[in-house]
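Spelled out from the first residue to the last, the chains are:
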Amino acid sequence: MSSLAQPLGQLAARILDALPQTQCTRCGYPDCAAYAQAIAVGESDINQCPPGGQEGVVRLAHITARPAKPLNPEFGVEAVRQVVFIDENWCIGCTLCLDACPTDAIMGSNKRMHTVIEAYCNGCELCLPVCPVDCIKLENASGDATGWAAWSQPQADLSRTRYAAKTERGVLAKAEHGQKQQAEVKATLADLAAHSRITDPAVLDHKRAIIEAAMARARSKRAGLD
């Protein structure tokens, strides 16, 4: 690691610690960590986080030694904290909101009614656009309080922990799926004739070579991403 990369990593970590951890993507990045890194390397401004509000901008200004500025309205406005609830009369159990929720605040299963665990809901609203029957509604959870006044550090820490856990499960599930696919391909290659209508040995050998080359490219690509 270069001497430049290390300070940037430390700065990004400090910035991340100061963000509200809603993972709402309103800043234009896929999660709080990506936004923190973008600020640290100078690719993004410090006033793009509506959930943190103006106090959040001031916190980031202090950490980055940049001048504080008003929240950029292009990314949203500071508002009260809201939580979601599901209208049980309309929920069809599609599970799309379960996948969208970054903190696993929604419980349910396929074709079964879903419900929201309010203590885990951070108000990110990512479940709203994916619901095909518009059965997810918002309700005020902070009265008149907005930004960090409506969101505590313990809540941010819990949201961050739950997001990390869900992300890790996703990575493991993807790896397991990949391993299963590899095993199936290897089984097919081991007895290609039984898995194909082709009977010509020369054509089978050519097909086997194509599959093996594709597997090699996939392994090389995965190695490059590790």
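It should be emphasised that the depicted structure is a prediction, and the values quoted were computed from it without experimental measurement.

Cut-offs applied
- Residues numbered from 1 in each chain as written.
- Predicted model: local features only at pLDDT ≥ 70, side-chain atom pairs only at ≥ 80, totals over all residues.
- Heavy atoms only, no water.
- Helix = DSSP H or I, 4+ residues; strand = E, 2+ residues; numbered from the N terminus.
- Expected span 1.5 Å × (residues − 1).
- Buried < 20%, exposed > 50% of the residue type's maximum accessible area, 1.4 Å probe, protein only.
- Arc of directions from axis to C-beta.
- Salt bridge = Lys/Arg side-chain N within 4 Å of Asp/Glu carboxyl O.
- Polar contact = N/O pair within 3.5 Å; in protein donor to acceptor, adjacent residues only side chain to side chain.

Chemist: What exactly am I supposed to notice about helix α3 (residues 53-64) here?
Modeler: Every α-helix carries 3.6 residues per turn, so stepping three or four residues along brings you back to the same face. Spanning 12 residues, α3 covers 17 Å between terminal C-alpha atoms, matching the ideal 16 Å at 1.5 Å per step. Here α3 has its buried residues at G53, G56, V57, L60, A61, I63 and T64. On an axial view of α3, the arc spanned by its buried residues comes to 165°, and they lie on one face. Positive phi shows up at A65, right after α3, with a value of about 60°.

Chemist: Looking at this model, I keep getting lost on the pattern of salt bridges. Mind explaining?
Modeler: When the charged atoms of two side chains lie near each other, side chains of opposite charge can form a pair. Applying the stated criterion across every chain yields a total of 7 salt bridges. A salt bridge links D104 to R169, with the shortest nitrogen-to-oxygen separation between them at 1.9 Å. Pair noted here: D104 is in the loop between α4 (96-100) and β2 (106-107) and R169 is in helix α5 (residues 153-190), with a separation of 65 residues, a long-range link. With relative accessibility at 22%, the residue D104 sits in the partly exposed group.

Chemist: Is there a simple way to explain the side chain of Q48 in this structure?
Modeler: Along the chain, Q48 falls in the loop between α2 (32-40) and α3. The class for Q48 is buried, based on a relative accessible area of 9%. From its side chain, Q48 meets the backbone oxygen of C27 in a polar contact 3.0 Å long. A distance of 3.3 Å separates a polar side-chain atom of Q48 from the backbone nitrogen of D45.

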